[in-house]
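Here is how the chains run, residue by residue.
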Amino acid sequence: MRVLVVGGAGYIGSHMVRLLDRAGHDVVVLDNLSTGFAEAVTAGKLIVGDMGNQSLVESILKDYRIDGVMHFAAFALVGESVHHPAKYYQNNVVGTLSLLEAMRQSDVRKIVFSSTCATYGIPQELPISEATLQAPVNPYGFTKLACERALDDYARAYDFGFAALRYFNAAGASPAGDIGEDHDPESHLIPIVLQVALKQRESITIFGDDWPTRDGTCVRDYVHVDDLGTAHLAALEKIEPGAGIKVNLGTGRGYTVREVINCCCEVSGAAIDVSIGSRREGDPAELVAQPALARQLLDWEPQYNEIHDIVETAWRWHQGHPSGYGR
């Protein structure tokens, strides 16, 4: 299959490009490199451009005879979305609609969309299933839910086939250690802790230690970036015209912030200084997936079910690339 990977120079997209190539697909990457890196694209052809440029996207879809699209080109910082909602609605919603229109005009009607557990907001039940009420509490979550609704409508009206994959906490890096996570600013727990291990930061701040959890710190479900990729591969094969697949991608197992920090200490062999800060507004105490539907519909099974194994791949990347891609 000929696949256009939008946002394929980013963290998850770059790992997806590698998996697509290894699975025998022809890959074209479209990325504006605002947060991605050309060095992260290890296969296929990279075209530098924006998904909001509808004429460019149409020409790519037609010139490369694209069969399906994978869409990773979203801004994804919750705090930033609160302070700069226009940036998020413009890129995540308007940009996605432009991409969908380019696909419709080019008669490409198969898309796998990166969604998020942030569409559930403060969950009404645990673990979180696909039947859990979607009630986002920040602009980032709202933009992703808006795109899911647009995909529903495109499927009904225009015979699109889609999969909306609701990620929990993406983590880890390629086992080879040559591509991984590089954000500026970094907001994810595991890379921040490993930066402390590398003495690039003085300490890690835990946002509240009085949550109603087993050790007082927040609980999250961490899913390896390559496991996300295999779910996308499966979804690409399962999509049917006029229908949508919506599933959670997580392991179904949650780890506290303290457990993750302790694991990073063990893997890196470094002492990690920890300070306690105030709770962040809007943080749920616990986010853990019920992944049964993904296993049923996609025949998907995560290969990384232990946080230790996920952290080991991340540590390999950060040790070998202490400055990321050299920024």
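Just so it is clear, the structure is predicted and the values come from calculations on it, not from any experiment.

**Some thoughts on the packing of aromatic side chains**
The way to describe two aromatic rings as a pair is by their centre distance and the angle between their planes.
Move 1: Tallying each qualifying case throughout the model produces 5 aromatic pairs.
Move 2: Of the aromatic side chains, those joined through ring pairs into one cluster are Phe 37, Trp 317 and Tyr 325.
Move 3: When the ring centre of Trp 211 is taken as reference, the NZ or CZ atom of Arg 279 above it lies at 4.0 Å.

**Re the packing of helix α2 (residues 54-63) against helix α4 (residues 85-105)**
Move 1: The interhelical angle for the contact between α2 and α4, taken along N-to-C directions, is 40 degrees, at an axis separation of 9 Å. Taken together, the axis directions place α2 and α4 in an arrangement best described as oblique. Crossing of α2 over α4 shows right-handed handedness. Between α2 and α4, the residues in contact are Gln 54, Val 57, Glu 58, Leu 61 and Lys 62 and Ser 98, Leu 99, Glu 101, Ala 102, Met 103 and Gln 105, respectively.
Move 2: Classifying every residue of the contact of α2 with α4 by side-chain character gives 5 nonpolar, 3 polar and 3 charged.

**What to know about the nonpolar core**
Move 1: Ranked by internal contacts, the top residues of the largest apolar core, which has 35 residues, are Ile 12, Leu 20, Met 70, Val 112, Leu 165, Leu 249 and Leu 298.
Move 2: At the level of secondary structure, the elements contributing two or more residues to this core comprise β1 (2-6), α1 (11-22), β2 (26-31), β6 (161-167), α7 (225-238), β10 (244-249) and α9 (292-298).
Move 3: No other element matches the 7 residues that α7 contributes to this core.
Move 4: Not counting the four nearest positions on each side in its chain, Met 70 is found in contact with Val 3, Leu 4, Val 5, Val 6, Met 16, Leu 20, Val 112, His 232, Leu 233 and Leu 236.
Move 5: In terms of nonpolar packing, the next biggest core, distinct from the first, is built from 28 residues, Ile 190, Tyr 222, Val 267 and Ile 310 among them.

**Overview of unusual backbone geometry**
Move 1: A cis amide bond links Leu 126 with the next residue in sequence, Pro 127, at an omega value of -10 degrees.
Move 2: Positionally, Pro 127 belongs in the loop between β5 (110-116) and α5 (139-158).
Move 3: Cis peptide bonds are those with omega within 30 degrees of zero, and the linkage from Asp 184 to Pro 185 qualifies with 5 degrees.
Move 4: The backbone phi angle of Asp 107 is positive, close to 60 degrees, even though this residue is not glycine.
Move 5: Mapping Asp 107 onto the fold places it in the loop between α4 and β5.
Move 6: By relative accessible area, which is 57% here, Asp 107 ends up exposed.
Move 7: Within the chain, Asp 159 stands out as a residue other than glycine whose phi angle is a positive 70 degrees.

Definitions and limits used
- Residues numbered from 1 in each chain as written.
- Predicted model: local features only at pLDDT ≥ 70, side-chain atom pairs only at ≥ 80, totals over all residues.
- Heavy atoms only, no water.
- Phe/Tyr/Trp six-rings, centres within 6.5 Å; stacked < 30°, edge-to-face > 60°.
- Lys NZ or Arg CZ within 6 Å of the ring centre and 35° of its normal.
- Axes fitted to C-alpha atoms, helices over the stretch in contact; angles between N-to-C directions.
- Helix = DSSP H or I, 4+ residues; strand = E, 2+ residues; numbered from the N terminus.
- Parallel < 35°, antiparallel > 145°, perpendicular 65-115°, else oblique.
- Left-handed = near helix turned anticlockwise from the far one by under 90°.
- Contact = heavy atoms within 4.5 Å.
- Nonpolar A, V, L, I, M, F, W, Y, C, P; charged D, E, K, R; others polar.
- Core = buried A, V, L, I, M, F, W, Y, C linked by side-chain atoms within 4.5 Å.
- Buried < 20%, exposed > 50% of the residue type's maximum accessible area, 1.4 Å probe, protein only.

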